[in-house]
Amino acid sequence: MTIRYMMLASVALVSTAAVAQVQPPRVAKKPFQVTSPNGAREDDYYWLRDDTRKNPEMLAYLAAENAYADAQLASLKPLQAKLYEETVSHIKQDDGSVPYAKNGYYYGSRFQTGADYPILERRKGSRTAPAETLFDEPAMAKGHSFFALSDWAISPDNRRVAWAEDTVGRRQYVLKVKDLATGASIADTLSNIEPNVVWADDNKTLLYVEKDPVTLRGYRVKAHVLGTPVASDRLLYEEKDDTYSMGVSRTADDKFVCIGVSSTVSDEQRCAPAAAPTSFTIVAPRAREFRYSADHIGNRWIIRTNKAAKNYKLVTVADADLAKGTAAWRDLTPASDTVFIEGFKPFDGFVAIDQREGGNRMIRVLSDAGKSTPVTADEPTYRMSLDVNEETSTPWVRYTYGSLVTPTTTYEVNAKTGERRVLKVAPVPGYDPAKYVTERVWAPARDGTRIPVSLVYAKGTKRDGTAPLFQYAYGSYGISSDPAVDPGRIGLLDRGVIYAIAHIRGGQEMGRGWYDDGHLLNKKKSFTDFIDVTRYLVAQKYAARDRVAAMGGSAGGLLMGGVANMAPADYKLIIAQVPFVDVVTTMLDASIPLTTFEYDEWGNPAQKASYDYMLSYSPYDNVKAKAYPALYVGTGLWDSQVQYYEPTKWVAKLRELKTDKNPLLFRVNMEAGHGGKSGRFERYRQNSEWQAFMLQQLGLAK
């Protein structure tokens, strides 16, 4: 934001502060017709969209909303500060990661006390060798209101590092390179790329994904040779279908560089030798409802695919037979109705498999001889996941384990002997897992489906129907919500709050069918699942009917908007962060980032059936003159995933139509994007605001 507009916002803040304490801000209605092949709709708040983010009237309204939120939350500042201090007390400030080995070095990161960003370093030959700093992120972040270092890659000769960074929050990354021997930056800089960097074997060629400057869709893979003009970068592949996203990677054995393109229902991968990534071979041509991802080890490919396996299976094909197509693929695992294969990592002599069963995520090891060995767990609800495993010649598989009670623990298991050893238990100062209980319950949905729910609460919390409940869900894109200890949640549990993750349809906790049952023309099942979980927990006396808070973000914010319209009386408070709430208008506009990727997630409103169904649940279109619960809505002005004007319009319409006197607060982060401000502690500082508001609404503001 320019200085001029920062000043404008400040003026608006001062001028509205006095009024904001008395009444919420209102914004002008300006009739506008949104047209489509299936009808037109009036949108009085469409004018709040400004792609330049410079409209003075729009900025003044956002500033007024922030001023109103400040005024309404002023009395909660002490509680907010206390919650933040409690959270920070549970964070080991000088913590570090478990080093991992790659190509003769051990890589790791560490935080200094009080630092928002880590220092990334490596040690040559052993974990005890002198440390060499790769990135001093605290220094790199100085002078930036937002900073994110994303993907980075070391050249095969270990002499250079390339990385992608973002200093705006809009996920338009800049690629930079430096010489590790001298620390000097190399002049080559590439702008507006995906956070995805791969070296070729020549140590001077970088493969990257270029973004469209308007839609921010990654659509071209290019090769840049250090020391040459960016304008002369060689185009390796361009994806013409705007419903696909893309990325570049190297295989586990580093022999190949691969370009992967992916949509909701289809994948295609093309690979070339890393020594000469010029001519790419397609692993298998794309087809609708055909998904796969391939990796390479030794002289064969291992492929995760849904071909004749809705929940995915692993197959293999020899290098010599790759050109024969899927007919040459041979099963490594059978298709299963109950086991969903999430991912895999090939090693010499075995494959480590990341899978889901019964709502939990777990690990098993499959030897080349066909022996399958699961890694066991002792808790009813938990998650395991493969960790960083860069070396393929080792028998040791690194993975992490955690639950809503157990802090994240890094393990290694020996694929040959079964020996397991703990590498690290994430430190959580002032936290005793023995003081808390985790449960798995199954809530019946209205269509009879059993919805898994993960619960945690402090021992001694009353189970008599009087406790407050904080319920979270996401439920879109097949993304599952896995349990973990959160330093920011401990203070809530200690105050008697019961926390629940509703594993609703739209995720993949129960397999691919769980996702299919919660998107496109089944999307409303996500909303009703969430509501039915709430009603079940209240009926089972986990919570008081009038002490339930709900939260979701992004597509989970769409869930919150749908729930607010469908069952407002079931919730005391709804927290919607960066919510996707203007579904139809956004999906009609192919210039908006993500729109074309998501026709197979939400539907294409150019089609009558999809248009009508999306319109029937779109939160913005279904705001009515009725009572709503208390609401806390958050957004970022520079959000590239859910544009700021969606929640802005939603809030404006709610202010116009809602008939209750419950508070509606809208917090606009003027300097951040989809994930809010950057930094290790900053997100907890931001979270403490809505947490204080939530505790107030639940009768716990002490």
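Rules of the game
Residues numbered from 1 in each chain as written. Predicted model: local features only at pLDDT ≥ 70, side-chain atom pairs only at ≥ 80, totals over all residues. Heavy atoms only, no water. Salt bridge = Lys/Arg side-chain N within 4 Å of Asp/Glu carboxyl O. Buried < 20%, exposed > 50% of the residue type's maximum accessible area, 1.4 Å probe, protein only. Helix = DSSP H or I, 4+ residues; strand = E, 2+ residues; numbered from the N terminus. Core = buried A, V, L, I, M, F, W, Y, C linked by side-chain atoms within 4.5 Å. Contact = heavy atoms within 4.5 Å. Pairing = 2+ DSSP bridges. Axes fitted to C-alpha atoms, helices over the stretch in contact; angles between N-to-C directions. Parallel < 35°, antiparallel > 145°, perpendicular 65-115°, else oblique. Left-handed = near helix turned anticlockwise from the far one by under 90°. Nonpolar A, V, L, I, M, F, W, Y, C, P; charged D, E, K, R; others polar. Disulfide = S-S within 2.5 Å.

(A) Seen up close, the pattern of salt bridges. Evaluated as defined, the whole model comprises 52 salt bridges. Notably, a salt bridge pairs Arg250 with Asp254, separated by 3.1 Å at the nearest N-O pair. For Arg250, a relative accessible area of 23% puts it in the partly exposed group. When its relative accessible area of 34% is taken as the criterion, Asp254 is described as partly exposed. One salt bridge connects Asp600 with Arg288, and the closest N-O pair in it is separated by 2.8 Å. You can see Asp600 sitting in helix 10 (residues 599-602) and its partner Arg288 sitting in the loop between strand 17 (281-284) and strand 18 (292-297), a full 312 residues away along the chain. Three or more residues joined by partner-sharing salt bridges are found here, namely Glu210, Arg220, Lys222, Glu238 and Lys240.

(B) Local environment of the nonpolar core. With 74 residues, the main nonpolar core has Leu62, Phe530, Leu537 and Tyr571 as its most contacted residues. Excluding its chain neighbours within four sequence positions, the residues that come into contact with Tyr571 are Phe530, Ile531, Thr534, Val548, Ala550, Val563 and Pro629. By size, the runner-up hydrophobic cluster in this structure holds 34 residues, among which are Leu76, Val497, Ile501 and Ile575.

(C) Region of interest: the sheet that holds strand 20 (residues 313-318). Spatially, 18-19-20-21 is the arrangement adopted by the four strands of the open sheet, whose pairing is antiparallel. Edge positions in the open sheet fall to strand 18 and strand 21 (330-331), since each of these has one partner strand only. Pairing of strand 20 with strand 21 involves two bridges; the strand directions are antiparallel. Across the sheet, Val315 pairs through a bridge with Asp331, a residue of strand 21.

(D) How the structure looks around unusual backbone geometry. One non-glycine residue with positive phi stands out, namely Glu289, at about 65°. Mapped onto the fold, Glu289 is located in the loop between strand 17 and strand 18. One non-glycine residue, Val578, adopts positive backbone phi at about 35°. Assignment of secondary structure puts Val578 in the loop between strand 35 (573-577) and helix 9 (583-587).

(E) Representation of the packing of helix 2 (residues 56-73) against helix 12 (residues 645-657). For the pair helix 2 and helix 12, interaxial distance at closest approach is 12 Å and the crossing angle is 65°. Taken together, the axis directions place helix 2 and helix 12 in an arrangement best described as roughly perpendicular. Viewed along their axes, helix 2 and helix 12 form a crossing whose handedness is left-handed. Here Tyr61, Leu62, Glu65 and Tyr68 of helix 2 lie close against helix 12, whose contacting residues are Thr648, Val651, Ala652 and Arg655. For the contact of helix 2 with helix 12, the residue count by class is five nonpolar, one polar and two charged.

(F) Up close: the state of the cysteines. What the rule picks out here adds up to one disulfide. The partner cysteine of Cys258 in its disulfide is Cys271, sulfur to sulfur 2.1 Å. Of note, the bridge from Cys258 to Cys271 carries an S-S torsion of about 105° and is right-handed in sense. Taken together, the residues span a long stretch of sequence, with Cys258 in strand 15 (residues 256-262) and Cys271 in strand 16 (residues 267-273) at a distance of 13 residues.

(G) Expanded view of the sheet that holds strand 34 (residues 548-553). The strand order across the open sheet built from eight strands is 30-31-33-32-34-35-36-37, with neighbouring strands paired in mixed fashion. The open sheet is flanked by strand 30 (436-444) and strand 37 (664-669), the only strands paired with a single partner. Neighbour-to-neighbour, the strand axes of this sheet turn through a mean angle of 15°, independent of strand direction.

(H) Structural context of the environment of Pro407. Take Pro407: it is sitting in the loop between strand 27 (396-402) and strand 28 (409-414). When its relative accessible area of 8% is taken as the criterion, Pro407 is described as buried. Between the C-alpha atoms of Pro407 and Val428, which are 21 residues apart in sequence, the distance is 7.4 Å. Here Pro407 is in contact with Tyr401, Gly402, Val425, Ala426, Val428, Tyr431, Pro433 and Val485, once residues within four sequence places are set aside.

Taken by themselves, the reported measurements are silent on function.
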